[in-house]
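Per-entry structural report
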Amino acid sequence: MPIFCLGVNHKTAPVEIRERLAFSEKHLPESLHAILKVEGVTETVILSTCNRVEIYGAADLPSSAMNSLTAFLVDHFDVKGHPIDFYHYDSERAAHHLFEVSSGLDSMVLGETEIFGQVKKAYASAHQAGTTGKRMNKLFQQSFLIGKLVRSNSKIQHGSTSIGSVAVDLAEKIFGNLNGCQVMIIGAGEMSRITAQSLVSRGASGIIVSNRSFDKAEELAAILKGKALRFDDWENSLSQVDILISSTSAPHPIIKTDAIRKIMKHRRGRDLLLIDIAVPRDIEDDIRKIDNAFLYNIDQLTTIAEEGKNRREEQIIFCRNLILDYLAAKGIGAIQDPSNPSSHNFTPHNGTSPITDP
Amino acid sequence: MDFTLLIISTLLFLGGFIFTAVKLLAGTYHPGYTNLFLIGLGFLVQCSFLYLRGQLHGRCPITDGAEMLVFIAWSLAIMYFALGRAFRLSLVGAFTAPILAILHLFALILTVRNPAIARPIEKMDHWLEMHAAMSLLAYGAFALAAISGAMYLIQNRQLKSGHPGFLSFNLPPIRYLADALIQLLAIGLLLLTIGVIAAFFMKKAPTALHLGLLGGVWFVYTAILAFHLVNRPSAKWLSLSSLIAFGFSLITLCAI
């Protein structure tokens, strides 16, 4: 299988390097054709995301093509003075790497789904630019099949792995669709911003930011395309809100049970999700006893995220076996079989450990 | 033959429940069509049972306790296919299957104790047929409302605990459950109202006990919905009310 993969990702290169090597989407067709001119490269696809820059290609002599391509990249991005640890995979190892990438097994957040769309887009761009051929077409089509197979037959996507995604999952378990959900942020901290942005990315709107320093509230409101509110007024606006995120540095709870109980009476059965990411806590714990009010503090959110991460990590071996089984069934497997001559190509050239088949 | 059909449909409903329960307990549940297929198959066998009984009596097969239970199960299955699926509530089938199985199990016991005998009527009364069919369809909607209520209470408890588990991951959002619950109660009340009105046109007037109990059920559900419209209580209250009201409805049914 004369195919190869050359690149860097979040595990092998810091963001300073990755951002220098990133291909701009606007100039992608030109970049694809430029790579196609590199000696020995007959087909190519560029996968350039915030966590990885990878070039997949076909060549009769993959090793020689990858050496030429490395020289081309160093020259193209003007990174001669920077020690860059490109990984070079060829044959089945390159294919296997792409299958793991599209399945989310090589992602910073294990099992994330965005990468699947990014791989599809990378292939579509290359196909449109006319830099793919029989080998790349087959390889990428297979990677889409395997990506779907792994996701639908494993629990690699189950559970949330960050505070932001836990908040989104909880909100969706309460409200279903987040479109039109009103969010109020009390305390314009970094965690509030991240959590609110996760909610906004899933359709939440009408962001209200309230902070002791009104300037800071306005600043964050501008980022989130919401509106700022004076700190003395937040309680009056709470009856309109579906999700409340609090992260002030107040030394004692500022959101009291009695106040929420009073507000809930006017909400006519509407649910309220309260996310307390402050330490010391901003929201009184008894609020969770009020009907239609759901309270989560930082410890609970962190526990759910940690459990999600652990569950996903436990799934890696299972997912890799799914890929190996698929490849074996298709007759292009035996990746770890020493008797298979092609298996000698599986140790990455940069010395990172090969995939182990448990 | 009808007894065999009853056993087969009971086993199919039970199979649907066991399949989903095992998958949920093992943490390997994925939304799929196995449960729907088993309930669907059970429903077809159930229809065959009711058809045979209908042939036996020469009218709608609601002549004894067993038939009444199977007819309620049939109404519930109809509501599940017509509305439960439309609301796209994940796991509603898993909660419906055991109720269907339980209703059938009781029907089986009653059939063993009192084997079916032909109970033909001299003259067909369409108002009576309408009254019985609409009332039992209403019971199907109320049963599905109670199931949505139970699902709401479980999801609510999971989310309130601060540590939602695998079941919560697979249950629908509580807002969807609350919306479905209200709509099912409204549909059930509408059907029951038609059934009650039909009772007043029947050739042979129903007994005072029959009318009183039916009116009682109608009043309970009307009161729940009226209270909801006026005061907008919490969905937890509504869920609990739907469960209690359905329990009350079943008791009245036994009395009728």
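Placed above this text is the structure.
Residues numbered from 1 in each chain as written. Chains lettered and ligands numbered in written order. Predicted model: local features only at pLDDT ≥ 70, side-chain atom pairs only at ≥ 80, totals over all residues.

**With respect to helix α12 (residues 298-330) of chain A**
Residue and element names in this part refer to chain A. The end-to-end C-alpha separation of α12 is 47 Å, in line with the 48 Å expected for 33 residues at 1.5 Å each. Of all bends in α12, the biggest is about 35°, found at Ile316. Taken as a whole, α12 has its buried residues at Leu301, Ile304, Ala305, Gly308, Arg312, Gln315, Cys319, Arg320, Leu322 and Ile323. Elements in contact with the buried residues of α12: α4 (91-103), α6 (134-153), α7 (163-175) and β10 (293-297). (Helix = DSSP H or I, 4+ residues; strand = E, 2+ residues; numbered from the N terminus. Expected span 1.5 Å × (residues − 1). Bend = angle between axes of the 7 residues up to and from the residue. Buried ≥ 20, exposed ≤ 12 C-beta atoms within 10 Å, placed from the backbone. Contact = placed C-beta atoms within 7 Å.)

**A closer look at unusual backbone geometry**
All names here are of chain A. Between Val279 and the following residue, Pro280, the backbone shows a cis peptide bond with an omega angle of -5°. Looking at the secondary structure, you find Pro280 in the loop between β9 (272-276) and β10. In the Ramachandran plot, Asp78 falls in the positive-phi region, its phi being about 55° despite a non-glycine side chain. Within the secondary structure layout, Asp78 lies in the loop between α3 (62-76) and β4 (87-90). Look at Asp78 and you get exposed, because 9 C-beta atoms sit within 10 Å.

**So, the sheet that holds strand β2 (residues 41-48) of chain A**
Residue and element names in this part refer to chain A. Read from one edge to the other, the open sheet built from 4 strands follows the order β2-β3-β1-β4, with strand pairing classed as antiparallel. Of all strands in the sheet, those bounded by a partner on one side alone are β2 and β4. The mean angle between the axes of side-by-side strands here comes to 15°, regardless of whether they run parallel or antiparallel. Pairing between β2 and strand β3 (residues 52-59): 7 bridges, direction antiparallel. Each bridged residue has a counterpart across the sheet, and for Leu47 the counterpart in β3 is Glu54. (Pairing = 2+ DSSP bridges. Axes fitted to C-alpha atoms, helices over the stretch in contact; angles between N-to-C directions.)

**Some remarks on the packing of α7 of chain A against α12 of chain A**
Residue and element names in this part refer to chain A. Between α7 and α12, the shortest axis-to-axis distance is 9 Å and the interhelical angle comes to 100°. The orientation of α7 relative to α12 falls into the category roughly perpendicular. Along the contact surface, α7 presents Ile163, Val166 and Ala167, while α12 presents Leu301, Thr302, Ile304 and Ala305. Grouping the constituent residues of the contact of α7 with α12 by class yields 6 nonpolar, 1 polar and no charged. (Parallel < 35°, antiparallel > 145°, perpendicular 65-115°, else oblique. Nonpolar A, V, L, I, M, F, W, Y, C, P; charged D, E, K, R; others polar.)

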